[in-house]
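One letter stands for each residue in the lines below.
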Amino acid sequence: MEHWIAPSILAADFSRLGDEIRTVLSAGADLIHFDVMDNHYVPNLTIGPLVLKSLRKAGIDCQMDVHLMVKPVDRLVGDFLNAGADIITIHPESTEHLHRTLCLIREGGAKAGIVFNPATPLTVLPEVINLVDLVLVMSVNPGFGGQAFINSSIDKLKAARAIIDTSGRSVRLEIDGGIKASNIGAVARAGADTFVAGSAIFGSDDYAATISAMRAELG
Ligand code: DX5
Ligand code: ZN
């Protein structure tokens, strides 16, 4: 599968969000990762569907990868579908009925993703693999950008890759948290094909140079 680099706008300058997104797309980003936090499921508060809607209205038509760190989650799924999300990714801990929530996303016309925190086992993955288009492995605890990569994520990626391959389905494997040029090669070798990076990209002086340096590690 083609490698995709997904800058997380959590690390962007929110006072110039539209410009930041246009700049990072022209610097070579494949899609935009949109982190939604509610100060309940995670101890931080970010942005909601209104922000996505206004980016769409401003003509930003790239693929939007919406990572929902909110509980409860079902009502916001509808709001993000209406706002123009392409991929909606949810944590199993944020819903009482995982099957129903994944179906809601797909019936709404978006791709559905499931996210595993560092301490969450992959146990439910085989049960829902036919309902997902993307599996996201968190390599930090969700809630903040700029945290250090947790090494056990490498083994979790390999295990998730094996479950995806056994299913025979075309499912993306995404990694999120502490990704930079120095570790992107290792996570790719463990099976990841989609790479979220917030501070590594938006914290750099030259987004294009940073994205190129990451791609160079992907071979
Ligand atoms: C954490 C978010 C990440 C975060 C990644 O809860 O899901 O997407 O923004 O940021 P960096 O790349 O700075 O670790
Ligand atoms: Zn994220």
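Predicted model only: the values in this text are computed from it and were never measured.

Rules used in this analysis
Residues numbered from 1 in each chain as written. Chains lettered and ligands numbered in written order. Predicted model: local features only at pLDDT ≥ 70, side-chain atom pairs only at ≥ 80, totals over all residues. Heavy atoms only, no water. 1 Å grid on protein atoms, 1.4 Å probe; cavity = no way out; pocket = protein on both sides within 12 Å on 5 of 7 lines; lining within 4 Å. Points joined across faces, edges and corners; volume = space filled by probe spheres on them. Nonpolar A, V, L, I, M, F, W, Y, C, P; charged D, E, K, R; others polar. Donors = N, O, S within 2.8 Å, 3.2 Å for Na, K, Ca; no water. Tetrahedral: all angles 85-135°; square planar, octahedral: opposite > 155°, others 65-115°. Helix = DSSP H or I, 4+ residues; strand = E, 2+ residues; numbered from the N terminus. Buried < 20%, exposed > 50% of the residue type's maximum accessible area, 1.4 Å probe, protein only. Contact = heavy atoms within 4.5 Å. Axes fitted to C-alpha atoms, helices over the stretch in contact; angles between N-to-C directions. Parallel < 35°, antiparallel > 145°, perpendicular 65-115°, else oblique. Near = heavy atom within 4 Å. Polar contact = N/O pair within 3.5 Å; in protein donor to acceptor, adjacent residues only side chain to side chain. Areas by Shrake-Rupley, 256 points an atom, 1.4 Å probe, with all protein chains shown as cover. Sits in = over half its atoms within 2 Å of the grid points.

## Brief notes about the layout of surface pockets
Thinking step 1. In this structure, the largest pocket spans a volume of roughly 290 Å³.
Thinking step 2. Lining the largest pocket are 26 residues; nearest its centre among them are Gly-145, Gly-146, Asp-176, Gly-177 and Gly-178.
Thinking step 3. When the residues that make up the lining of the largest pocket are grouped by side-chain class, the tally is twelve nonpolar, eleven polar and three charged.

## A word on the coordination of the zinc ion (ligand 2)
Thinking step 1. Looking at the metal site, the zinc ion (ligand 2) is ligated by His-33 (NE2), Asp-35 (OD), His-67 (ND1) and Asp-176 (OD), spaced 2.1 to 2.3 Å from it.
Thinking step 2. Around the zinc ion (ligand 2), the six donor atoms sit at angles spanning 68 to 170°, and that spread fits a shape best called octahedral.
Thinking step 3. We note that the donor set of the zinc ion (ligand 2) lies within a single chain, spaced as H-x1-D-x31-H-x108-D.

## As for the environment of Glu-2
Thinking step 1. Topologically, Glu-2 is positioned in the segment before strand E1 (4–7).
Thinking step 2. Taking the relative accessible area as the measure of exposure, Glu-2 reaches 54% and is therefore exposed.
Thinking step 3. On a C-alpha basis, the gap between Glu-2 and Arg-172 in space is 9.6 Å, while along the polypeptide they are 170 residues apart.
Thinking step 4. Leave out the neighbours within four places in its chain, and Glu-2 touches Arg-172 and Asp-193.

## Focus: the packing of helix H3 (residues 74–83) against helix H4 (residues 98–107)
Thinking step 1. At a minimum axis separation of 10 Å, H3 and H4 run at an interaxial angle of 10°. On the basis of their axis angle, the class for H3 and H4 is roughly parallel. Contacts between H3 and H4 pair Asp-74, Val-77 and Leu-81 from the former with Arg-100, Thr-101, Leu-104 and Ile-105 from the latter.
Thinking step 2. For the contact of H3 with H4, the class distribution of residues is four nonpolar, one polar and two charged.

## Thoughts on the site of ligand 1
Thinking step 1. Lining the immediate environment of ligand 1, one finds 20 residues, of which Asp-35, Gly-143, Asp-176, Gly-198 and Ser-199 sit closest.
Thinking step 2. Within the contact set of ligand 1, an oxygen atom lies 3.5 Å away from a side-chain nitrogen or oxygen of His-33.
Thinking step 3. Note that an oxygen atom of ligand 1 is positioned 2.8 Å from one of the backbone N or O atoms of Gly-178.
Thinking step 4. Considered on its own, ligand 1 offers 380 Å² of accessible surface; in the complex 99% of this is hidden by protein.
Thinking step 5. Here ligand 1 occupies the largest pocket.
Thinking step 6. Among the secondary structure elements, those contributing two or more residues to the shell around ligand 1 are strand E2 (32–37), strand E3 (64–69) and strand E8 (194–197).
Thinking step 7. Here the shell around ligand 1 gets three residues from one element, more than from any other, and that element is E2.
Thinking step 8. Class assignment of the residues belonging to the shell around ligand 1 gives a composition of eight nonpolar, ten polar and two charged.

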